[in-house]
Amino acid sequence: MYDINKVRRDFPILSREVYGKPLVYLDNAATTQKPLCVLDAMREEYLNVNANVHRGVHYLSQQATDLHEAAREKVRQFINAQKTEEIVFTRGTTEAINLVASSFCESQMKEGDEVLLTEMEHHSNIVSWQLQAMKRGIVVKHIPITDKGELCLDQLDSLITERTRIISVAHVSNVLGTVNPVEEIIKTAHAHNIPVLVDGAQSTPHFSVDVQAMDCDFFAFSGHKMYGPTGIGVLYGKEEWLEKLPPYQGGGEMIDKVTWEKTTFERLPFKFEAGTPDYVATHGLATAIDYITSVGLENITAHEQELTRYCMEQLRTIDGMRFFGEAEHKDAVVSFLVGDIHHLDMGTLLDRLGIAVRTGHHCAQPLMDRLGISGTVRASFALYNTKEEIDVLVNGIRRVSQMF
């Protein structure tokens, strides 16, 4: 049985009040709250094991290094990568995508070569490639979506050309909740010898990910969206690809030997990890993975799917309700507008009732242009949310609607 009360006790912030109202936190696609075990693990390391990793012969440094590398192994197991050498620690999904875009374009692309995205991408997976387009003259293309928020995959073959060098796609849309058929995209891409980067920021907190079964070439995700600390993320890359790509940044830790004439670089994954890593955050991420595993990803998926269905059912009863994203395969995100009420007005007034939702374009302005709107209200769910909180949301929306 899924003991939601026990789960919620692990997150003390959920018991606080906002404006004299019990907090209803429904902004989990932006960031999740942290369980006590994650905070305790990080505090314990700062108090007792704080030393720079990989560089010291003394006891604390070796302890900190052991924890840091144990976290890498924990991540490897979590996404079922083949080797720890394929796990690169970054500051988050954004940096991971920027790393691939920069290093891949530098070594594998030339002017006129193409990268293929989708119409539902987060800015992280658009701007990173557009920066390379400005520097190197590459071409950024995208797969369009249907009105339901699903990819027009029947156009994929025609969008792939002899100049397509890489495809980069969100696993789950942070606005629509659409779960994209990445396995099908990867299979088609590999038939053309094209590698695929998957943005997993919105998938890893919600359901099991197996990068070997998926057969993606790169996979990126963030710790703070899966109950871990901010400022830590992961880039998975197949060893053969990481070996081909040049370093993204230079500095300490990522070097083999430096002379005035030449620098040679460390082995994987350290070639991509310049400078002191956030070794306390990696331990926090590993603890968050342990927490997710203890609750059970299958349990989390079932619970959040039920919340999503229930939320959409209840919201449909509100006059003027408009949904954005009604894909057949949808996950833990509900974006909507009510009548002519501006999303910012709705979000601001819900906040006064203690309800935390997201408003705006959600770092997906090209998608907003496709939908013909400036933004939405977004409710997004986590393992600690309840149907009772959705009832509070629905009643809050009714109350705001009556004001207009």
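Calculation notes
- Residues numbered from 1 in each chain as written.
- Predicted model: local features only at pLDDT ≥ 70, side-chain atom pairs only at ≥ 80, totals over all residues.
- Heavy atoms only, no water.
- Disulfide = S-S within 2.5 Å.
- Core = buried A, V, L, I, M, F, W, Y, C linked by side-chain atoms within 4.5 Å.
- Buried < 20%, exposed > 50% of the residue type's maximum accessible area, 1.4 Å probe, protein only.
- Helix = DSSP H or I, 4+ residues; strand = E, 2+ residues; numbered from the N terminus.
- Contact = heavy atoms within 4.5 Å.
- Phe/Tyr/Trp six-rings, centres within 6.5 Å; stacked < 30°, edge-to-face > 60°.
- Lys NZ or Arg CZ within 6 Å of the ring centre and 35° of its normal.
- Pairing = 2+ DSSP bridges.
- Axes fitted to C-alpha atoms, helices over the stretch in contact; angles between N-to-C directions.

Enquirer: Any chance you could explain the state of the cysteines here in plain terms?
Expert: Here, disulfide denotes a covalent bond that connects the sulfur atoms of two cysteines. The tally for this structure, following the rule as stated, stands at 0 disulfides. Take Cys216: it sits in no disulfide, and the sulfur closest to it among the cysteines is that of Cys105, at 18 Å.

Enquirer: Just checking my understanding: could you explain the nonpolar core for this structure?
Expert: Within soluble globular proteins, side chains that are nonpolar generally end up buried alongside one another. Core analysis: the largest hydrophobic core is formed by 63 residues, its most contacted members being Ile79, Val198, Phe219 and Tyr384. Among the elements that make up this core, the one with the highest residue count is helix α10 (residues 279-295) (7 residues). Setting aside its immediate chain neighbours within four residues, Phe219 contacts His171, Leu197, Val198, Gly200, Ser203, Thr204, Val209, Val211, Met214, Val234, Leu235 and Tyr236. Listed in part, the 27 residues of the second largest apolar core include Val24, Met321, Leu350 and Val357.

Enquirer: It is not clear to me how the packing of aromatic side chains should be interpreted in this structure. Could you clarify?
Expert: The geometry of an aromatic ring pair is captured by two quantities: the separation of the ring centres and the angle between the planes. Under the definition given, this model contains 7 aromatic pairs. Look at Tyr227 and Tyr384: their rings are 6.0 Å apart centre to centre, the planes differ by 80°, and that puts the pair in the edge-to-face class. Placement of Tyr227 in the loop between β9 (218-222) and β10 (233-237) and of Tyr384 in the loop between β17 (376-380) and α14 (387-403) is noted, with a sequence separation of 157 residues between them. As far as burial versus exposure is concerned, Tyr227 and Tyr384 are alike and both buried. Among the aromatic residues, those joined into a cluster by ring pairs are Phe11, Tyr227, Tyr291 and Tyr384. It is Lys244 that lies over the ring of Trp241; its NZ or CZ is 4.2 Å from the centre. Stacked on the ring of Tyr19, the Lys or Arg Arg352 has its end atom at 3.9 Å from the ring centre.

Enquirer: How should I be thinking about the sheet that holds strand β16 (residues 358-360) in this particular structure?
Expert: Whether parallel or antiparallel, the strands of a sheet pair through hydrogen bonds between backbone atoms. Across the sheet, which stays open at both edges, the 4 strands sit in the order β13-β14-β17-β16 with antiparallel pairing between neighbours. Only two strands of the sheet have a single neighbouring strand rather than two, namely β13 (321-324) and β16. Going across the sheet, the axis of each strand differs from the next one's by a mean of 30°, ignoring polarity. Looking at chain direction, strand β14 (residues 333-338) and β17 are connected through 4 bridges and run antiparallel.

Enquirer: Sorry if this is basic, but what is going on with the sheet that holds strand β4 (residues 87-90) here?
Expert: If you walk across this open sheet you meet the 7 strands as β4-β10-β9-β8-β7-β5-β6, and the pairing is mixed. Bordering the open sheet on either side are β4 and β6 (139-143), each of which pairs with just one other strand. Neighbour-to-neighbour, the strand axes of the sheet open up by a mean angle of 20°, direction not taken into account. The pairing of strand β5 (residues 114-118) with β6 spans 5 bridges and is parallel. If you follow Leu116 over to β6, its bridge partner there is Lys141.

Enquirer: In this structure, what is going on with unusual backbone geometry? I would like to understand it.
Expert: Backbone geometry follows two general trends: most residues other than glycine have a negative phi, and most peptide bonds adopt the trans configuration. Of note, the amide linkage connecting Leu268 to Pro269 takes the cis form, showing an omega dihedral of 0°. Within the element layout of this structure, Pro269 appears in the loop between β12 (263-265) and α10. Phi angles above zero are rare outside glycine, and Asp215 is one such case at about 70°. Residue Asp215 is classed as partly exposed on the basis of its relative accessible area of 31%. Residue Cys363 is not a glycine yet carries a positive backbone phi of 55°. Topologically, Cys363 is positioned in the loop between β16 and α13 (365-371). Cys363 sits in the partly exposed class, given a relative accessible area of 32%.

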